[in-house]
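Report on the structure
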Amino acid sequence: MKSIDTLTPCPCGNPAGYTACCGPLHAGGLAATAEQLMRSRYSAYVLKREDYLLASWHADTRPASLRLAAQQPAPTWLGLELRRQQVMDDDHATVEFVARYRLGGGRAQRQHETSHFVREGGRWYYHDGELKN
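Now for a quick tour of the structure. These figures come from a predicted structure and were not determined experimentally.

**Digging into the environment of Gly28**
With respect to the element layout, Gly28 can be found in the loop between helix H1 (23-26) and helix H2 (34-47). With 57 residues separating them in the primary sequence, Gly28 and Gln85 have C-alpha atoms 23 Å apart.

**Here's the deal with H2**
Look at H2: 20 Å from first C-alpha to last across 14 residues, which is about the 20 Å you get at 1.5 Å a residue. Of all 14 residues in H2, ten are buried; the element is thus mostly enclosed. Residues Ala34, Leu37, Met38, Ser40, Arg41, Tyr42, Ser43, Ala44, Val46 and Leu47 constitute the buried set of H2. Residues of H2 that are buried make contact with H1, helix H3 (50-55), strand E1 (75-89), strand E2 (92-103), strand E3 (109-120) and strand E4 (123-132).

**Details of the pattern of salt bridges**
If charged atoms from side chains of opposite charge come close, those side chains can pair. Counting across every chain of the model gives five salt bridges. Note that Glu35 and Arg39 form a salt bridge whose closest N and O atoms lie 3.5 Å from each other. Taken together, the positions of Glu35 and Arg39, both in helix H2 and four residues apart, correspond to about one turn of that helix. When its relative accessible area of 25% is taken as the criterion, Glu35 is described as partly exposed.

**Notes on unusual backbone geometry**
Along the chain, Gln72 connects to Pro73 via a cis peptide bond; the corresponding omega equals -5°. Its location among the elements puts Pro73 in the loop between H3 and E1. Its identity as a non-glycine residue notwithstanding, Arg67 has a phi of 55°, on the positive side. Positionally, Arg67 belongs in the loop between H3 and E1. For Arg67, a relative accessible area of 58% corresponds to the exposed category.

**Overview of the sheet that holds E2**
What the four strands build is an open sheet, ordered E1-E2-E3-E4; its pairing is antiparallel. The sheet is open, and its two edges are formed by E1 and E4, each paired on a single side. Across the sheet, the mean angle from the axis of one strand to that of its neighbour is 25°, orientation sign disregarded. The pairing of E2 with E3 spans ten bridges and is classified as antiparallel. Looking across to E3, one finds that Val95 is bridged to Ser115. Across the sheet, H2 is in contact with E1, E2, E3 and E4; its angle to E1 comes to roughly 165°.

**Quick look at the pairing of E3**
Residues in a regular strand point their side chains to alternate faces of the sheet. Counting the residues that bridge the hairpin from E2 to E3 gives five residues, and of these Gly104 lies at a positive phi of roughly 60°. In the sheet, E3 pairs with E4 via nine bridges, with the strands oriented antiparallel. Pairing of Arg119 across the sheet is with Trp124, part of E4.

Rules behind the numbers
- Counting restarts for each chain, with residues numbered from 1 along the sequence as it is written.
- Totals for whole chains, interfaces and linings use all residues, but because this is a predicted model, local features are given only for residues with pLDDT of at least 70 and pairs of side-chain atoms are given and counted only at 80 or more.
- Hydrogens and water are ignored here; the side-chain numbers use all heavy atoms of the structure.
- Only runs of H or I of at least four residues qualify as helices and only runs of E of at least two qualify as strands under DSSP, and these elements are numbered from the N terminus.
- How far a helix is expected to stretch is found by multiplying one less than its residue total by 1.5 Å.
- Whether a residue is buried, partly exposed or exposed follows from its accessible area with a 1.4 Å probe, protein chains only, as a fraction of its type maximum: under 20%, in between, or over 50%, in that order.
- Contacts are assigned to residue pairs with any non-hydrogen atoms lying within 4.5 Å of each other.
- In what follows, salt bridge is the name for a side-chain nitrogen of Lys or Arg lying within 4 Å of a carboxyl oxygen of Asp or Glu.
- Criterion used throughout: strands pair if DSSP finds at least two bridges between them.
- Here an axis means a line fitted to C-alpha atoms, over the contact stretch when the element is a helix, while the angle between two N-to-C directions is reported on a 0 to 180 degree scale.

Structural data, given as structure tokens:
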């Protein structure tokens, strides 16, 4: 797990800083929206917080492990762009985003995804996603 300077902007891009943005969620707080959960999951990938990623993944679709520590070459995350959030009802939402990253010394790549989220017991979970070209 990577450490982070709490005075720098949050990995998700929020200039308020990690301690005011994703840090409280990584410490067990509840995301108020699917977008907030998605941002915190991006930050968890940046910080290699596999524990948080698995805990915020819905049990119906959660893998046993993500093996982030074993990724070679490990991705260097370059930024997050939110495209849109759509709330279907109180317990279902989608978030479209583009996450940019680099593997080793290679050129930058993008993951463009529409993620589906569900809320159960007052807690938002990532359910699944559709990759876009």
